[in-house]
Number of protein chains: 2
Amino acid sequence: MSEITIVEIAKRCGVGVSTVSRAINNHSDINPETKKRIMDVIKETGYIPNNSARNLKRTDAKCIAVLVKGITNSFFAPMIEVVEQEVEERKYALVMRHVEAYEDEVDVALELEKEKRLRGIIFLGGSARHSADKIKQLRVPVVFTTIGSDIADDLSRNEYSTVSIDDAKESFKMVEHLISLGHKDIAIMTEGSDTPSIVRLRLTGYLEALKKHGIKVNEKLIRPVDKKIYTLQNGYDTTRALIESGEKFTALYCISDVLAVGALRAFADAGIRVPEDVSVAGYDGQELSRYSVPRLTTIKQPADEIAKEATKLLFNIIDKVSDHRHIVFPGELIQGESAKKI
Amino acid sequence: MSEITIVEIAKRCGVGVSTVSRAINNHSDINPETKKRIMDVIKETGYIPNNSARNLKRTDAKCIAVLVKGITNSFFAPMIEVVEQEVEERKYALVMRHVEAYEDEVDVALELEKEKRLRGIIFLGGSARHSADKIKQLRVPVVFTTIGSDIADDLSRNEYSTVSIDDAKESFKMVEHLISLGHKDIAIMTEGSDTPSIVRLRLTGYLEALKKHGIKVNEKLIRPVDKKIYTLQNGYDTTRALIESGEKFTALYCISDVLAVGALRAFADAGIRVPEDVSVAGYDGQELSRYSVPRLTTIKQPADEIAKEATKLLFNIIDKVSDHRHIVFPGELIQGESAKKI
DNA sequence: CTGTTAGCGCGTTCAC
DNA sequence: GTGAACGCGCTAACAG
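Residues numbered from 1 in each chain as written. Chains lettered and ligands numbered in written order. Predicted model: local features only at pLDDT ≥ 70, side-chain atom pairs only at ≥ 80, totals over all residues.

Draft legend 1. Here's a closer look at the overall build of chain A. The secondary structure content of chain A amounts to 12 helices and 12 strands. What you see for chain A is a C-alpha radius of gyration of 25 Å, clearly larger than the 20 Å of a compact globule of 342 residues, by over 25%. Projecting the C-alpha coordinates of chain A onto the three principal axes gives extents of approximately 85 × 45 × 30 Å. Residues counted as buried form 43% of the 342 residues belonging to chain A. A separation threshold of at least 6 residues defines the contact pool for chain A, and within that pool the share at least 24 residues apart is 71%. (Helix = DSSP H or I, 4+ residues; strand = E, 2+ residues; numbered from the N terminus. Rg over C-alpha atoms; globule rule 2.2 N^0.38 Å. Buried ≥ 20, exposed ≤ 12 C-beta atoms within 10 Å, placed from the backbone. Contact = placed C-beta atoms within 7 Å.)

Shown next as structure tokens:
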């Protein structure tokens, strides 16, 4: 009973393969009785159509893809759920693909588009720069999220959409807030690598805020994280190193909530009270930031809305009721308990 | 320039399609020069082989699948990373599939097996019971993780492998630990639904520990969580409800670390000190449990080892150097700071 | 080393 | 309403 195919089903039912095909795919012009008989046999035999063969022929197939750069990143978790829900509501199929750190998400998209019959693609995270040529090769509309609008040259901005927040601006807002609380020696825990990531903009915002308020940048207070910016341990280790460096600071701004929570723990271990002795700020506004002890002062990205809007926009473009757009959501400064006036 | 295929590449290079195929697939018997010429043309044209067509023909294809039930569950994140690494080391391709809450993971596996050319399947999480018949339909070896060995009837235990911990036993261990600290009124925050989930066993362990030590079960201290057991908010809300119920308890045992961290926050908000006024215990031993304030007393599942062993075992079965096995890892009682002697 | 050819399993014309 | 035949793009035999 190896490899049961549509032909086998057809034989057993005494019908042609196309009839079976019609039964499976809910085509209208088929005798309900014939259909029932076929479906019964399918149930019995446990026949499962081969998707590869289907994709090869299919023309319609309402399917959209979500490519997630770093699926283990907790920041994307709620976004994925929102996208799944939205897509399902519209009766589209969803294929989710994990993009490895070393992969280029647009390359993966190109490949996936050949394999499946996609109608559109949503990117969650990923590199901030892409070749305009490659994006153009994609034949279906794409929406980048959590990435700004300057992914490729301005010339090609109408080839793709983006939904994001203005990272530099929001970061600026946070640092300015800390300054308004009286902090001058503000350390920042930031990304270490030099990839053109969105996260670099958070550092930019930091530098600009200091500059605006005439605070001299102390290079020793810029603490790069070794690799991943979404692990508690890196937040912890980097904070310890900062403490041990003996450098003076009254506030620590971490470019992710996860890092900030790791920092909280490091301060606790060092007997340094937050916010009495030092202020801590995060970024992202993940669920975790509202449940830490103390609650984090952070920039809340409207992740759910970004995901929702990205999906809506994609469908609008697919349905030709919208052109490509570049939507920027405002972030929200959440004043938690981890930062206070000096 | 629509839909460029292997035929097109062959034409442009003035060679046969099979030569192009050989070039793409790194076959040995091909002239390096020819290969280079072909690869150049492929680069130029941006040709990407159609995976569906490939899957249809391919016989070898070293590929294994990982099916994750609830990909947004932070517990699986490190496991996914371990599996990815192990699989890559062996030069196998990995396809990861997210199994929705309403989907049956074995059904999904069946489908995927038809579509791709799989050599084996690893399940991360999922239902604790499966039809033996369905599992038998899978033609490649499967390993279930974080799920005990009694998935189907004992008769078919040699049809699949499992790698897990003994949830009932570990849970028992934790509750006994709390009892040894002098606690008698131990509340438990547990799963609400009645699906035959692995998590039910944690409740079983709780009940057994109480029984052994002659502590009468107080139904009002068994607090079901509304749906998801991996959200901070549910931990928070359920704890609040418990506090407000006025029921007397000196310890709260949560069947996941995430719930426990939510509980910590709820106690903090209520002005109840942990562990001075109440002890809190978690389960899982996720990274988070080591960074919360206070650190959690919890049962550490060796998630990394489970993932590693599951992958190794799968490859051993594929390579015929092992039969199906049922491996049970010990959990580790981590004495954090959230529980103390009464 | 390379070209020719036969399917992989299915959806889609077309006839009937 | 239904069946036969064709081909999607590719890989794997088999010749040469």
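Draft legend 2. Structural context of the protein's contact with DNA strand D. The local shell around DNA strand D holds 28 residues, among which Gly16(A), Ser18(A), Thr19(A), Ile6(B) and Ser18(B) are the closest. At the level of secondary structure, the elements contributing two or more residues to the surface near DNA strand D comprise helix H2 (17-24) and helix H4 (51-57) of chain A together with helix H2 (17-24) and helix H4 (51-57) of chain B. Partitioned by chemical class, the residues of the surface near DNA strand D number 10 nonpolar, 11 polar and 7 charged. (Near = placed C-beta within 6 Å. Nonpolar A, V, L, I, M, F, W, Y, C, P; charged D, E, K, R; others polar.)

Draft legend 3. View of the nonpolar core. In terms of nonpolar packing, the biggest core is built from 166 residues, with Tyr253(A) and Tyr253(B) touching the most fellow members. Those residues in contact with Tyr253(A) that lie beyond four places of it in its chain are Met174(A), Val175(A), Leu178(A), Ile186(A), Ile188(A), Tyr206(A) and Ala281(A). (Core = buried A, V, L, I, M, F, W, Y, C linked by C-beta atoms within 7 Å.)

Draft legend 4. Structural view of the domain arrangement of chain A. The domain boundaries assigned to chain A delineate domain 1 (6-166 + 302-330) and domain 2 (167-300). The interface of domain 1 of chain A with domain 2 of chain A comprises 12 residues on the first partner and 13 residues on the second. (Domains from an automatic or database assignment.)

Draft legend 5. Seen up close, the interface of chain B and chain A. Each partner contributes to the interface: chain B provides 33 residues, whereas chain A provides 33 residues. Listing elements by their share of the side of chain B that touches chain A, those giving two or more residues are H4, helix H5 (77-89), strand E2 (93-99), helix H6 (105-115), helix H10 (232-245) and helix H11 (257-269) of chain B. In the side of chain B that touches chain A, the residues fall into 16 nonpolar, 11 polar and 6 charged.

Draft legend 6. Structural detail: unusual backbone geometry. All names here are of chain A. In this model, valine 274 is joined to proline 275 through a cis peptide bond whose omega is 10°. For proline 275, the location among the structural elements is in the loop between helix H11 (257-269) and strand E9 (279-281). If you check the backbone angles, lysine 91 has positive phi at about 65° while not being a glycine. Relative to the elements of secondary structure, lysine 91 occurs in the loop between helix H5 (77-89) and strand E2 (93-99). By the C-beta count within 10 Å, which is 7 here, lysine 91 ends up exposed.

Draft legend 7. Structural detail: the relation of the copies chain B and chain A. For the match of chain B to chain A, the screw axis carries a shift of 0.2 Å, the RMSD comes to 0.3 Å, and the turn is 180°. Within this description, the copies of the chain are treated as partners about a two-fold rotation axis. Across chain B, the smallest distance between a C-alpha and the rotation axis is recorded for Ser52(B), namely 2.2 Å. The residues that chain B uses at the interface reappear at the interface of chain A in 100% of cases, marking a shared surface. (Least-squares fit on C-alpha atoms with pLDDT ≥ 70 in both.)

Draft legend 8. Layout of the protein's contact with DNA strand C. Taken together, 28 residues form the shell around DNA strand C, and within it Thr5(A), Ile6(A), Ser18(A), Gly16(B) and Ser18(B) come nearest. For the surface near DNA strand C, the secondary-structure elements that each account for two or more residues are H2 and H4 of chain A together with H2 and H4 of chain B. Partitioning the surface near DNA strand C into residue classes produces 10 nonpolar, 11 polar and 7 charged.

Draft legend 9. Broad picture of the pairing of strand E1 (residues 63-69) of chain B. Residues and elements named next belong to chain B. Of all the 7 residues making up E1, 6 are buried; the element is thus mostly covered by neighbouring parts of the structure. Alignment of E1 against E2, held across 7 bridges, turns out to be parallel. Residue pairing in the sheet places lysine 69 in a bridge with valine 99 of E2. Relative to strand E3 (residues 120-124), E1 runs parallel, the two being bridged by 5 bridges. Within E3, the residue paired with isoleucine 64 across the bridge is glycine 120. (Pairing = 2+ DSSP bridges.)

Draft legend 10. A look at the sheet that holds E2(B). Residue and element names in this part refer to chain B. Strand order in this open sheet of 6 strands is E2-E1-E3-E4-E5-E11, and the pairing throughout is parallel. With one partner strand each, in any of the chains shown, E2 and strand E11 (326-329) form the two edges of the open sheet. In this sheet, neighbouring strand axes are inclined to one another by 15° on average, regardless of whether the strands run parallel or antiparallel. The sheet strands contacting H5 are E1, E2 and E3, and the helix crosses E1 at an angle near 175°. (Axes fitted to C-alpha atoms, helices over the stretch in contact; angles between N-to-C directions.)

Draft legend 11. Examining the environment of Ile198(A) more closely. All names here are of chain A. Tracing the chain through its elements places isoleucine 198 in the loop between strand E6 (186-191) and helix H9 (200-212). Of the residues examined, isoleucine 198 has 19 C-beta atoms within 10 Å and is grouped as partly exposed. Along the primary structure isoleucine 198 and arginine 240 are separated by 42 residues, whereas in three dimensions their C-alpha atoms are 26 Å apart. When sequence neighbours within four positions are dropped, the list of residues in contact with isoleucine 198 reads Ala128, Thr146, Ile147, Gly148 and Asp167.

Draft legend 12. Representation of helix H10 (residues 232-245) of chain A within the structure. Spanning 14 residues, H10(A) covers 20 Å between terminal C-alpha atoms, matching the ideal 20 Å at 1.5 Å per step. Restricting attention to buried positions, one finds in H10(A) the residues Leu232(A), Asn234(A), Gly235(A), Tyr236(A), Thr238(A) and Thr239(A). (Expected span 1.5 Å × (residues − 1).)

Draft legend 13. How the structure looks around the sheet that holds E9(A). Residues and elements named next belong to chain A. Strand order in the open sheet formed by 4 strands is E7-E6-E8-E9, with parallel pairing between adjacent strands. Every interior strand has two partners, whereas the edge strands, strand E7 (222-225) and E9, have only one. Each strand of the sheet is rotated relative to its neighbour by a mean of 20°, with strand direction disregarded. Alignment of E6 against E7, held across 4 bridges, turns out to be parallel. Residue glutamate 191 lies in a different strand from E7, and its bridge partner there is valine 225. Across the sheet, H10 lies against E6, E7 and strand E8 (251-254), angled at about 145° from E7, the strand it touches most.

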